Amino acid sequence: MTGTPRTLAEELRTRTDRGLVGLLRARPDLLNPVPGDVTQLATRAGTRASVVRAVERLDRFVLQTAEALAVAPDPCPYDTLGALMGGDAGDPAVAAELPRAVAELRAQALVWGPDDRLRLVRTARELLTPSPAHPSPTGLGPTVAEAMAGMSPGRLQEIIAAAGLPTTHDPVTAVAALTTLFADRARMAALLDTAPAESVAVLDKLLWGPPYGAVTDRPAPHLQWLLDRGLLIPAGARNVVLPREAALHLRGGRAHHTPEPVPPALAPATERDPQLVDNAAASQAFTALATVEELLKEWDLGGPAVLRAGGMSVRDLKRTAVALDTTEQLAAFWLELAYAAGLIASDGEADERFAATPAAEEWLQLPDHARWAALAAGWLAATRAPGIVGSADAKGRALAALGPHLDRSPAPEVRRRALALLAALPPGTAVPASAVLARLRWERPLRSGAPAAGQPPAGDGATAAPGPDPADDLRSRLAQWTLTEAELLGVTGRGALSTHGRTLIDSPSDSAAPTPAETTTAATRAADLLAPLLPEPVDHVLLQADLTAVAPGPLHRPLAEALGVLADIESKGGATVYRFTPGSVRRALDAGRSAAELQEFLAAHSRTPVPQPLAYLIDDVARKHGQLRIGAAAAYVRCDDDALLAEILADRRAAPLRLRRLAPTVLAAQSSPDQLLDGLRAMGYAPAAESAAGDVLIARADSYRTPPRTAPAPVPDGPPSPDPTLLAAAVRAIRAGDLAATAERKPVQAPAPAPGAFPRTTSAETLATMQAAVLTNSALWIGYVNADGAASQRVIAPVRVEGGFVTAYDHTSDEVRTYPLHRITGVAELADDSV
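Residues numbered from 1 in each chain as written. Predicted model: local features only at pLDDT ≥ 70, side-chain atom pairs only at ≥ 80, totals over all residues. Heavy atoms only, no water.

So, on to the overall build of the chain. Along its length, the chain carries 33 helices and 25 strands. Over its C-alpha atoms the chain spans a radius of gyration of 39 Å, topping by over 25% the 28 Å that the globule rule assigns to 835 residues. Seen along its three principal axes, the alpha-carbon backbone of the chain occupies a region of about 125 × 75 × 55 Å. Split into buried and exposed, the 835 residues of the chain put 46% on the buried side. Taking as baseline every contact in the chain between residues at least 6 positions apart, the subset at least 24 positions apart corresponds to 66%. (Helix = DSSP H or I, 4+ residues; strand = E, 2+ residues; numbered from the N terminus. Rg over C-alpha atoms; globule rule 2.2 N^0.38 Å. Buried < 20%, exposed > 50% of the residue type's maximum accessible area, 1.4 Å probe, protein only. Contact = heavy atoms within 4.5 Å.)

Let us now look at the environment of Val200. Residue position: Val200 is located in helix 13 (residues 197-206). Separated by 58 residues in sequence, Val200 and Pro142 place their C-alpha atoms 20 Å apart.

The next point concerns empty space enclosed by the protein. Applying the stated criterion to the full structure yields four cavities of 30 Å³ or more. Considering only enclosed or pocket space, the largest cavity measures out at about 320 Å³ in volume. Only helix 1 (8-13), helix 3 (38-45), helix 8 (122-128), helix 33 (763-776) and strand 22 (791-802) provide two or more residues apiece to the lining of the largest cavity. By residue class, the composition of the lining of the largest cavity is eight nonpolar, six polar and four charged. (1 Å grid on protein atoms, 1.4 Å probe; cavity = no way out; pocket = protein on both sides within 12 Å on 5 of 7 lines; lining within 4 Å. Points joined across faces, edges and corners; volume = space filled by probe spheres on them. Nonpolar A, V, L, I, M, F, W, Y, C, P; charged D, E, K, R; others polar.)

This part is about the nonpolar core. Within the largest apolar cluster, 88 residues are counted, with the highest numbers of intra-cluster contacts made by Leu24, Leu81, Met148, Leu178 and Leu232. Take this core: its biggest share by element is eight residues, from helix 5 (residues 60-71). In contact with Leu232, not counting residues within four places along its chain, are Val202, Leu203, Leu206, Leu223, Leu226, Leu227, Val240, Val241 and Leu242. Counting 70 residues, the second largest nonpolar core, distinct from the first, contains Leu266, Trp379, Leu421 and Trp481. (Core = buried A, V, L, I, M, F, W, Y, C linked by side-chain atoms within 4.5 Å.)

Turning next to the pattern of salt bridges. One pass over the structure, following the stated rule, counts 33 salt bridges. For Arg57, the salt bridge goes to Glu413, with nearest N and O atoms at 3.8 Å. Placement of the pair is Arg57 in the loop between helix 4 (48-56) and helix 5 and Glu413 in helix 21 (residues 411-423), with a sequence separation of 356 residues. Residue Arg57 is classed as partly exposed on the basis of its relative accessible area, which comes to 27%. (Salt bridge = Lys/Arg side-chain N within 4 Å of Asp/Glu carboxyl O.)

With that settled, the discussion passes to the packing of aromatic side chains. Overall, the coordinates contain three aromatic pairs when judged by the stated rule. Ring plane angle 20 degrees and centroid distance 6.3 Å describe the contact between Trp299 and Phe354, whose orientation is recorded as stacked. With a gap of 55 residues between them, Trp299 in the loop between helix 16 (274-298) and helix 17 (314-324) and Phe354 in strand 8 (residues 354-356) connect regions that are remote in the sequence. The same class applies to Trp299 as to Phe354, namely buried. Seen from their ring centres, Tyr784 and Tyr819 are 5.0 Å apart, and the 70 degrees between their planes marks the pair as edge-to-face. Taken together, the residues Tyr784 in strand 21 (residues 780-785) and Tyr819 in strand 24 (residues 815-820) connect sequence positions 35 residues apart. Using a relative accessible area of 0% as the deciding quantity, one classes Tyr819 as buried. Here Arg371 stacks its cationic end above the ring of Trp363, 4.8 Å away from the centre of that ring. (Phe/Tyr/Trp six-rings, centres within 6.5 Å; stacked < 30°, edge-to-face > 60°. Lys NZ or Arg CZ within 6 Å of the ring centre and 35° of its normal.)

Strand order in this open sheet of four strands is 12-13-15-14, and the pairing throughout is antiparallel. Each of the sheet's edge strands pairs with one partner strand only, and the pair in question is strand 12 (542-544) and strand 14 (568-571). Across the sheet, the mean angle from the axis of one strand to that of its neighbour is 30 degrees, orientation sign disregarded. With three bridges connecting them, strand 12 and strand 13 (residues 548-551) associate as antiparallel partners. (Pairing = 2+ DSSP bridges. Axes fitted to C-alpha atoms, helices over the stretch in contact; angles between N-to-C directions.)

In this section: the packing of helix 6 (residues 78-86) against helix 7 (residues 92-107). Running from N to C, helix 6 and helix 7 cross one another at 125 degrees; their axes reach a closest spacing of 10 Å. Compared by their axis directions, helix 6 and helix 7 come out oblique. Of the two possible hands of crossing, helix 6 and helix 7 adopt the one that is right-handed. Packed against helix 6, whose contacting residues are Tyr78, Leu81, Gly82, Met85 and Gly86, the element helix 7 presents Val94, Leu98, Pro99 and Val102 at the interface. A breakdown of the residues in the contact of helix 6 with helix 7 according to their chemical character gives seven nonpolar, two polar and no charged. (Parallel < 35°, antiparallel > 145°, perpendicular 65-115°, else oblique. Left-handed = near helix turned anticlockwise from the far one by under 90°.)

So, about a negative patch on the surface. Together, Asp640, Asp641, Asp642 and Glu647 make up a negatively charged patch on the protein surface. Tracing the sequence through the fold places Asp642 in helix 30 (residues 642-650). With relative accessibility at 42%, the residue Asp642 sits in the partly exposed group. (Patch = residues over 30% accessible without salt bridge, like charges linked within 9 Å, V, L, I, M, F, W, Y side chains within 5 Å. Areas by Shrake-Rupley, 256 points an atom, 1.4 Å probe, with all protein chains shown as cover. Lys, Arg positive; Asp, Glu negative; His and termini not counted. Charge placed at Lys NZ, Arg CZ, Asp CG, Glu CD.)

Contact geometry for helix 28 (residues 595-605) and helix 29 (residues 612-624): axes closest at 9 Å, N-to-C directions at 160 degrees. As far as their axial angle goes, helix 29 and helix 28 are roughly antiparallel. Every pair of crossing elements has a handedness; the one defined by helix 28 and helix 29 is right-handed. Two secondary-structure elements touch here, helix 28 through Ala595, Leu598, Gln599 and Leu602 and helix 29 through Leu614, Ala615, Ile618, Asp619 and Ala622. Along the lines of polarity and charge, the residues of the contact of helix 28 with helix 29 split into seven nonpolar, one polar and one charged.

Put simply, Asn32 and Pro33 share a cis peptide bond, and its omega is -5 degrees. Note that Pro33 resides in the loop between helix 2 (17-26) and helix 3. With an omega of 0 degrees, the peptide bond running from Gly209 to Pro210 counts as cis. Take Pro210: it is sitting in the loop between helix 13 and strand 3 (212-214). The phi angle at Ala109 is positive, at roughly 60 degrees, despite the residue not being glycine. Looking at the secondary structure, you find Ala109 in the loop between helix 7 and strand 1 (111-112). Judged by its relative accessible area of 0%, Ala109 is buried.

Our focus in this paragraph is the side chain of Asp59. Along the chain, Asp59 turns up in the loop between helix 4 and helix 5. Of the polar contacts made by the side chain of Asp59, one reaches the backbone nitrogen of Val62; its length is 2.9 Å. Once residues lying within four places of it in the same chain are set aside, the contact partners of Asp59 are Arg100, Trp442, Glu443 and Pro445. (Polar contact = N/O pair within 3.5 Å; in protein donor to acceptor, adjacent residues only side chain to side chain.)

Turning our eyes to something else, we now look at helix 4. Taken together, the buried positions of helix 4 are Ser50, Val51, Ala54 and Val55. For helix 4, the arc enclosing every buried residue in end-on projection is 130 degrees, short of the 170-degree limit, so these residues lie on one face. (Arc of directions from axis to C-beta.)

This paragraph deals with the confidence of the model for the chain. Confidence along the chain averages 86 in pLDDT terms, with 90% of residues attaining 70 or more. Across the chain, strand 11 (residues 496-497) holds the top mean pLDDT of 96, while strand 16 (residues 629-631) sits lowest at 68. In this model residues 447-471 is a low-confidence stretch, pLDDT under 50, and it forms 49 contacts with partners more than four residues away in sequence or in other chains. Scored below 50 in pLDDT, residues 745-753 shows one contact in the model against residues more than four places distant or in partner chains. (pLDDT = per-residue confidence, 0-100.)

For the rest of this paragraph, the subject is the environment of Thr173. Within the secondary structure layout, Thr173 lies in helix 11 (residues 171-183). In this structure the side chain of Thr173 is engaged in a polar contact, spanning 3.3 Å, whose partner is the side chain of Thr168.

A word on helix 11. Note: α-helices contain 3.6 residues per turn, so residues at a spacing of three or four share the same orientation. Between its terminal C-alpha atoms helix 11 stretches 18 Å, which fits the 18 Å expected from 13 residues at 1.5 Å a residue. Buried within helix 11 we find Ala174, Val175, Leu178, Leu181 and Phe182. The buried residues of helix 11 occupy one face: seen down the axis, they fall within an arc of 120 degrees. Where the residues of helix 11 are buried, they touch helix 9 (144-147), helix 10 (153-162), helix 12 (185-193) and helix 15 (244-250). (Expected span 1.5 Å × (residues − 1).)

Right under this line is the structure:
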């Protein structure tokens, strides 16, 4: 095909296969389902949902370029676009980056046409063109022609006369003359030289937006001067607007107050020793493992109940925070981290509660670096955002930890991009979080964070209303949480990305969203780099005379578990301090260990001799342990020392147990064995439970686990990125379908159509002709069959083609109507003088 393309479809046909692959990779929503031909691809690329998604993924300068095209003439020459972006004085940085911005818009099929006739896709123009309901970030208002639509011819003539222009015979030429005046720099400057100072001050207020202001029924003289010359145009009962051409003159031709052709620098940078960064990250990684392990230990017998609406209650979150010795917000992060790794879940029972999963048992047996890899892989791919725990949802209800509605689909992309920005810096280099957030906002400027014009305030002019705080948008909050969570997890150290952190985000594919297998592989490679930096487990403790033991490092798991039964943890840190108490020693005896075994265990694992006070404590508790025996009668107490039983009976504290003597060595109770056991221990005795055969029962609590559970699946942010094989197959299918739709056919000998016969065209031809007519504002002759099966001929001027319908002005019925494309039998172009 030669010549200038008339439609986006015609331009897409001229693209190479590589160009179509780039379009489909950038906009994967166009692939579902695979378009049948290029015409369908172009139609889908122009739908509102697809265009909105594409616009949201533009960086700030490319978006500013699209916004400038939306306020430029259509079609727009490249030089005109350059003037709008750089102003009359020009901007070398803008000039250098503008070709990239236009190429990006072309690649994403948002702009088409040669450089002398650039066209923004109609849907994108509708989204970005300024209007009272949807102000543009440019701060520009409507054109003179748009603002003066509906104004009386007499008033138009008064305005051009006051502006020093000759009167005309019709409104169209009057508007054109005023537009030409405002676009002429010399003549416009001469006109403004005669303006009162107060009038210029009003224009300055409206200059960068919002362009709307309010006036009274009797405007002040300086406002009337502007109204008389069309520099302010009525926009309602008491509102006025600064026309676009006048604003551009006052701005020096610039569409934006501050074009941003280059991203903000990641500065100021702080250089640190990479080895110190790695060591700090490894230390935090080990702390993360210990925290998650402590959480699993806390929930070993089952966690808190699940709320009816899902998640855990605020009270349970506070209890978990106390157990982990952290804040509630950080406790929510550790909970969600374990949940993302599949270590905790709901048990799904009728009385539903949270608990550790069977996968947690396997995780606990892994080496430290492998356990970190599982946590890091789960965190990197998770779409759940623990940072929003406690905030209110759309209905005003607080979002609960481990509950529903915590998924935020952009989270993985933001997480990876934030870490990638740190990876682009030299090793050991840290930058402030504000610099990372500023770069991310430039790369994906959400519309909620862009400055927008506000409502016109009362008074003789208008001032720009402040836009929303960019830090309040979702991507910025996700990025802030990412930097905090990466430090907690040991991906970064002292604000800089660690060596294993760089490997963690190093994906073998070009996709922004690696597969789960790729993420796991990268996490495993990162863990291998982390392994030498983690502290080696030790197999000994240091026993002290004050009934404490100091673990000089992380203990081997069997030693830690055994010592955790025999003693209570008093403090954590670089060295864990354990304290021995009568209760802790009794706990070990209840677990089936004898005093001799406990003494032997301590002697074998202590680098210092067993202190005498500790040996006395163990022997004293063991001497009393099991002297009293409790069984089921409802319950009974058995003891060879009848004097001891008499002492218990005489103790007033035993009254709630309702004891009575059955024999010199046996007491019966009306309470259960567990209550009797706890009651006597509260009185200071050390009873032991026994079985029906008279053997001492070993009190060993069984761990509670959920049924097998899988980690929560991330919520995708739109369609997945297509792989190269799918892209290549899709392009081949589109080319084949397009060839079938556009191939020339042999002429068929058929009688000439009778006068009044309906035109007959294929669906593809009908759609292409309609789209071309929309762009050229030309009329068409169509054959149409309504819902009742009645056929008719109509002459229409198409306005919009979208979603299988064409909206057009029907010359036959003199009204705007919408027609389903599948009911149009055919379409034919009309001669220029046919309508």
